[in-house]
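Close look at the chain arrangement
Spelled out from the first residue to the last, the chains are:
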Amino acid sequence: MMDTPEDAGAVLHSGMVNGICMEWADTATTAEERRLPAVLFLHGWPESWYSWRFQLAAVKDAGYRGVAPSMRGYGATESPGDDASYNCYTLAADALA
């Protein structure tokens, strides 16, 4: 059973990203792993990074880095109060950051 980030071979991080505090799971735990090609997992409604726990483990086993953020308003990621903060451009900027 995979109930924690560690079960998926990942570590949870949080920090200021594109003006909000975001949470993400990352399978890279060393400098060498941070240089691996990355697979970015973006969830839909109403999910979080946790939705990708099995895929994170699979891509790590395949030799890739997996990164799965909790998008705006989900998980431990901040929820801005204004509707304008939830457009496709802002969400894309979050992913890029």
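Just above, that's the structure.
A brief report on the enclosed structure follows. (Residues numbered from 1 in each chain as written. Predicted model: local features only at pLDDT ≥ 70, side-chain atom pairs only at ≥ 80, totals over all residues. Heavy atoms only, no water.)

Brief notes about the environment of Tyr89
Selection criterion: Labels follow the DSSP assignment, with helices taken as runs of H or I lasting at least four residues and strands as runs of E lasting at least two, numbered in each case from the N terminus.
Mapped onto the elements of the fold, Tyr89 is located in helix α3 (residues 88-96). When the C-alpha positions of Tyr89 and Val17 are compared, they lie 14 Å apart, and in sequence the two are 72 residues distant.

Structural notes on the nonpolar core
Under the convention used in this document: Joining through side-chain atoms within 4.5 Å is the link that ties buried Ala, Val, Leu, Ile, Met, Phe, Trp, Tyr and Cys residues into a set, and such a set is a nonpolar core. Exposure is judged per residue with a 1.4 Å probe applied to protein chains only, and the accessible area is read against the type maximum: over 50% gives exposed, under 20% gives buried, and values in between give partly exposed. Two residues qualify as a contact provided that any one of their heavy atoms is within 4.5 Å of a heavy atom in the partner residue.
Ala8, Ala10, Ala25, Phe41, Trp49, Leu56, Val59 and Ala68 together form the largest nonpolar core, which totals eight residues. Dropping the residues within four chain positions of it, Ala25 is found in contact with Ala10, Val11, Leu12, Trp49, Leu56, Gly66, Val67 and Ala68.

Description of the pattern of salt bridges
The condition is simple: Salt bridges, as used here, are contacts in which a Lys or Arg side-chain nitrogen is within 4 Å of a carboxyl oxygen on Asp or Glu.
In the structure shown here, the tally under the stated rule is three salt bridges. For Arg65, the salt bridge is made with Asp26, and the minimal N-O distance between the two is 2.5 Å. Of this pair, Arg65 sits in strand β4 (residues 65-70) while Asp26 sits in strand β2 (residues 20-26), and the two are 39 residues apart along the sequence. What makes Arg65 buried here is its relative accessible area of 17%. Among the residues examined, Asp26 registers a relative accessible area of 4% and is labelled buried. Its salt-bridge partner being Arg72, residue Asp94 comes within 2.5 Å of it at the nearest N-O pair.

A few points about the side chain of Ser85
Under the convention used in this document: Definition of a polar contact: a pair of N or O atoms within 3.5 Å, with one able to donate and the other able to accept a hydrogen when the atoms are protein atoms, and with sequence-neighbouring residues admitted only if both atoms are side-chain atoms.
Counting through the fold element by element, Ser85 comes out in the loop between β4 and α3. We classify Ser85 as buried; its relative accessible area is 12%. Among the polar contacts made by the side chain of Ser85, one reaches the side chain of Asp82 at a distance of 2.6 Å. Those residues in contact with Ser85, other than ones at most four positions away along the chain, are Arg72, Pro80 and Thr90.

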